[in-house]
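# Architecture and fold: a report
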Amino acid sequence: MKRILRILSPLFILVVFIGLAAVLLSTQQAPEQKEEQVKTPIIDILTVEQQTVSLNLPSYGVVSPKYKTQLVTEVQGRLVSLDPSFVAGGIVQQGQALAQIEPSDYQADFIQAEATLAQANAALNEEIARGEVAKIEFKDFDNGLPPELGLRIPQLKKEQANVKYAKAALARAQRNLERTVIRAPFDGIIKARNVDLGQYVSLGTNLGELYDISIAEVRLPLTNNDLAYLESVDNPDTSVILSASLAGKSFTWNGNIVRSENVIDEQNRMVYLVAEVKDPYLRNQRSEDELPLKYGSFVTAIIKGRTVDGIVKLPRYVVRQDQVAIVKDDNTIEIRKVNIVRTDIENVFIKDSLATGERVSITDISNLVSGQKVKLLGEESEEVEIESEDPEAISLAGEQ
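Residues numbered from 1 in each chain as written. Predicted model: local features only at pLDDT ≥ 70, side-chain atom pairs only at ≥ 80, totals over all residues. Heavy atoms only, no water.

Turning to the sheet that holds strand β6 (residues 77-82), a few remarks are in order. A sheet is described by the order of its strands in space; here 4 strands give the open sequence β9-β8-β6-β11, paired in antiparallel fashion. Each having just a single partner strand, β9 (181-183) and β11 (200-201) make up the two edges of the open sheet. Pairing of strand β8 (residues 97-101) with β9, which is carried by 3 bridges, proceeds in the antiparallel orientation. Opposite Q100, over in β9, you have V181 as the bridge partner. (Pairing = 2+ DSSP bridges. Helix = DSSP H or I, 4+ residues; strand = E, 2+ residues; numbered from the N terminus.)

Mapped onto the fold, N347 is located in strand β22 (residues 347-351). Contact partners of N347, with chain neighbours within four places excluded, come to K313, L314, P315 and R316. (Contact = heavy atoms within 4.5 Å.)

With that settled, the discussion passes to the pairing of strand β10 (residues 188-193). As defined by bridge partners, strand β7 (residues 91-92) adjoins β10 across 2 bridges and the pair is classed as antiparallel. Paired with I91 across the two strands is I189, which belongs to β10. Summarising the sheet, β10 and strand β12 (residues 206-212) pair through 5 bridges and their orientation is antiparallel. Each residue of the ladder has a partner; that of I190, found in β12, is L210.

What follows covers the nonpolar core. Core analysis: the largest hydrophobic core is formed by 35 residues, its most contacted members being L220, V240, L242, Y295 and I303. Elements with a contribution of two residues or more to this core: β4 (57-65), β13 (215-222), β14 (238-246), β15 (249-264), β16 (271-278), β17 (298-303) and β18 (307-315). If we skip the residues at most four places from it in the chain, V240 touches L220, W253, N254, G255, N256, I257, A275, A301, I302 and I303. If you look at the next biggest cluster of nonpolar residues, it comprises 17 residues, including V92, F186, L207 and L210. (Core = buried A, V, L, I, M, F, W, Y, C linked by side-chain atoms within 4.5 Å. Buried < 20%, exposed > 50% of the residue type's maximum accessible area, 1.4 Å probe, protein only.)

Moving on, we come to helix α3 (residues 153-179). Compared with the 39 Å implied by 1.5 Å per residue over 27 residues, the 39 Å span of α3 between its first and last C-alpha is a close match. Here α3 has its buried residues at Q155, E159, V163, A166, L170, A173 and N176. (Expected span 1.5 Å × (residues − 1).)

Our focus in this paragraph is the side chain of T205. Mapped onto the secondary structure, T205 falls in the loop between β11 and β12. Overall, T205 belongs to the buried group, its relative accessible area being 18%. Within the structure, the side chain of T205 is placed 2.9 Å from the backbone oxygen of S202, a separation counted as a polar contact. Residue contacts for T205: discarding those within four places in its chain leaves L71, V72, T73 and V195. (Polar contact = N/O pair within 3.5 Å; in protein donor to acceptor, adjacent residues only side chain to side chain.)

Another point: the packing of aromatic side chains. Across all of its chains, the model carries 3 aromatic pairs by this definition. Residues Y211 and Y295 carry aromatic rings whose centres are separated by 5.9 Å and whose planes lie at 75° to one another, so their mutual orientation is edge-to-face. Separated by 84 residues along the polypeptide, Y211 in strand β12 and Y295 in the loop between β16 and β17 bring together distant segments of the chain. Look at Y211 and you get buried, because its relative accessible area is 12%. The exposure class of Y295 is buried, given its relative accessible area of 14%. Three or more aromatic residues link up through ring pairs in this structure, and these residues are Y211, Y281 and Y295. Over the ring of Y272 we find R219; its NZ or CZ atom is 4.0 Å from the centre of that ring. (Phe/Tyr/Trp six-rings, centres within 6.5 Å; stacked < 30°, edge-to-face > 60°. Lys NZ or Arg CZ within 6 Å of the ring centre and 35° of its normal.)

Let's shift gears to the pattern of salt bridges. Counted under the stated rule, the structure contains 9 salt bridges. Taking the shortest distance from any N to any O, the salt bridge between R179 and E74 comes out at 3.6 Å. On the criterion of sequence distance, the pair formed by R179 in helix α3 and E74 in the loop between β5 (68-72) and β6 is long-range, its members being 105 residues apart. Residue E74 is classed as partly exposed on the basis of its relative accessible area of 47%. The partner of D226 in a salt bridge is R342, with the nearest N and O atoms 2.7 Å apart. Within this pair, whereas D226 is found in the loop between β13 and β14, its partner R342 is found in strand β21 (residues 340-343), the two being separated by 116 residues in sequence. (Salt bridge = Lys/Arg side-chain N within 4 Å of Asp/Glu carboxyl O.)

A few words now on the environment of E178. Relative to the assigned elements, E178 resides in helix α3. Its relative accessible area of 49% is what places E178 among the partly exposed residues. Separated by 72 residues in the primary sequence, E178 and Y106 have C-alpha atoms spaced 8.9 Å apart.

To continue, consider the confidence of the model for the chain. Detailed reading of the predicted model is not advised wherever pLDDT is low. Across the chain, the average pLDDT comes to 84, with 87% of residues at or above 70. Within the model, pLDDT remains below 50 along residues 382-400, and this stretch shows 2 contacts once partners closer than five positions in the same chain are excluded. (pLDDT = per-residue confidence, 0-100.)

Set out below in structure tokens:
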């Protein structure tokens, strides 16, 4: 008997637990079913307005001088003096003496040329006098006209030629003497000096490089499509604002587009416009909050484009795949394709697609579809929901 009970006891325990589980399942209440609520997205909007804008063109470039020249010797000799401002970075004025070549040999050549000219003039005067005497001698000549040789006309022409030759030699000697002083051809800044005091220089020696400081140039690349936003492609006379960071601050300079190079670069397929800035080193007038536009500076440029009416300007992040989300009067969404005429780093310019007063979603439109109901940020909800865990309490309150 005990053996039978040992064998059947696990079975009895299993049956008891199955019975208890059945009782628990039969007494379990079904969970309350609530209707799933669809969440209405909340978005922020921007009310658009058509306006007249200038479609400015961004670009960039490096500042360089309009004129730059190599200071080259036209005579030879030893450098006997150098101006203190004839150093890299020195500012010089037009006509300022920068270097002096030993002039003694050229002074001697000049004196010799003066003496030669004086001899030629004396010989010419003597020949003129002889010609006058010959005219008197041949005054009563009975055999017709007197010969030119007798009147010393060929000799006179020879002496006249000698005088011209002597004058030319004197002028050459004077020029060579003047060329012993190397002068600045224009107001500028010394880019580099290649010689030292006491050095012997020959004809054509490069003494240094000089940059003009009256006008600066910047080559600004534009794509071929960007040219459509200029008032004139052939003569792009417009203004430009250059900006750069100097000494930890941002500064701007005003310039003008003076010409187009009219050639498409083979490497980057760009067309270059040339901007000019007058007095970049502020030599004529300078205020306390201005800094010179130094050569070699990298600048960004905003070129003034043509003026267009009916333009709507939106932030770039609002437009996705040439589409924007319009919020209608009933707070439903309309996904609309727009006509983009221009983009820059921050904004998108749209024409003939949006009317003044329309509302555009500035919230991410990737999760929105046409016809979807939305709520606007800041608007109060018109529906008030009453929630209670005890629905009988609500019914009792209604009966009282």
